[in-house]
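Below, each chain spelled out in residue letters.
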Amino acid sequence: DAGVTQSPTHLIKTRGQQVTLRCSPKSGHDTVSWYQQALGQGPQFIFQYYEEEERQRGNFPDRFSGHQFPNYSSELNVNALLLGDSALYLCASSRGRTTSGNTIYFGEGSWLTVV
Amino acid sequence: AQSVSQHNHHVILSEAASLELGCNYSYGGTVNLFWYVQYPGQHLQLLLKYFSGDPLVKGIKGFEAEFIKSKFSFNLRKPSVQWSDTAEYFCAVSSTGGSYIPTFGRGTSLIVHP
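Position numbers for residues start from 1 in each chain and track the written sequence from start to end. Lettering of chains starts at A and numbering of ligands starts at 1, both following the order in which they are written. Since the coordinates come from a predicted model, pLDDT governs what is reported: local features require at least 70, and pairs of side-chain atoms require 80 or more to be given and counted, while whole-chain, interface and lining totals use all residues. Heavy atoms throughout the structure, all of them, feed into the side-chain values; hydrogens and water do not.

Participant: Please explain the interface of chain A and chain B as it appears in this structure.
Facilitator: Often, the extent of an interface is quoted as the loss of accessible area on bringing the components together. Should any heavy atoms of two residues lie within 4.5 Å, those residues are considered in contact. Taken residue by residue, the interface counts 21 residues in chain A and 17 residues in chain B. The term buried area refers to how much accessible surface (probe radius 1.4 Å) is lost by two components on association, counted for both of them together. Here chain A packs against chain B, burying approximately 1,600 Å² in sum over the two surfaces, 58% of which is carbon and sulfur. One speaks of a salt bridge when a side-chain nitrogen belonging to Lys or Arg is within 4 Å of a carboxyl oxygen belonging to Asp or Glu. The interface formed by chain A and chain B contains zero salt bridges. Polar contact is defined as a pair of N or O atoms within 3.5 Å, subject to the rule that within protein one atom must be able to donate a hydrogen and the other to accept it, and that residues adjacent in sequence are counted only when both atoms are side-chain atoms. The interface formed by chain A and chain B holds three residue pairs in polar contact (both at pLDDT 80 or more) in total. Residue polarity follows a fixed list, in which Ala, Val, Leu, Ile, Met, Phe, Trp, Tyr, Cys and Pro are nonpolar, Asp, Glu, Lys and Arg are charged, and the others, Gly among them, are polar. The class makeup of the residues in the side of chain A that touches chain B is seven nonpolar, 13 polar and one charged.

Right, here's the structure in full:
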């Protein structure tokens with residue numbers, strides 16, 4: 001049973017460029033959330049997708065956008081990259097929209113460095 | 001909105017020592033509480049969670065945590081640590097009446113010397 005898989009694992013981008021990160025949820029899961037984890041910090045919630053729609057959003061600018069496909073996989077897009085966007089981007093999946101009874105599972109993340 | 005404070009950012013212990021990592025949260029309503037662990041080079045994994053009932057929660061690998069509502073605390077404990085417990089530990093809280101999206105603390109880096 002595959003867990004949450006993310007790609008790419010590492011990438012380097014230049015300021016002003018755009019990046020797309022990809023996530024396949026754990027088998028049987030239909031809800032995907034994205035988090036940003038800066039060095040020395042805990043994960044910060046970006047947004048959550050369920051039934052191909054953004055359901056909840058954290059305190060991130062519109063430069064951060066996403067998409068969920070019919071097979072429940074998801075993409076995170078970041079436009080006009082800033083140096084401060086350098087971080088580990090984590091994808092997490094769960095069965096159904098996050099409720100108190102659901103456990104979320106994390107992928108290993110995509111390391112983004114903006115130079 | 002809820003927030004989480006982890007008091008110890010770096011902890012260094014010798015094997016067999018006892019561990020207690022502090023976690024306090026701020027939120028006025030009912031909460032769910034979590035401890036996650038991130039071993040070097042691995043993904044975040046759930047250690048244990050509290051939703052309701054017995055405030056003393058037992059998790060994997062001998063870890064436990066106690067929810068003290070009056071102190072808004074959910075400290076993580078282990079009686080005897082092993083070298084393999086070296087990892088980053090994150091406390092998280094989610095509200096039960098809202099989005100259920102967990103808010104994470106900044107983490108505690110634990111190094112256990114053999």
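Participant: Just to check I follow, could you spell out the sheet that holds strand S8 (residues 74-78) of chain A for this structure?
Facilitator: Strand pairing in a sheet relies on backbone hydrogen bonds. The paired strands run either parallel or antiparallel. All names here are of chain A. For two strands to be treated as a pair, DSSP must find no fewer than two bridges joining them. Runs of H or I in DSSP of at least four residues are treated as helices and runs of E of at least two as strands, each being numbered from the N terminus. Here four strands make up an open sheet; going across it, the order is S1-S3-S8-S7 and the pairing antiparallel. Edge strands, defined here as strands with exactly one partner in the open sheet, are strand S1 (5-7) and strand S7 (64-68). If you compare each strand with its neighbour and ignore which way they point, the axes differ by 20° on average. The sheet contact formed by S1 and strand S3 (residues 19-24) spans three bridges and is antiparallel. Opposite glutamine 6, over in S3, you have cysteine 23 as the bridge partner. Every axis in this analysis is a line fitted to C-alpha atoms, fitted for helices over the stretch in contact. Angles between the N-to-C directions lie between 0 and 180 degrees.

On their own, these measurements won't tell you what the molecule is for.
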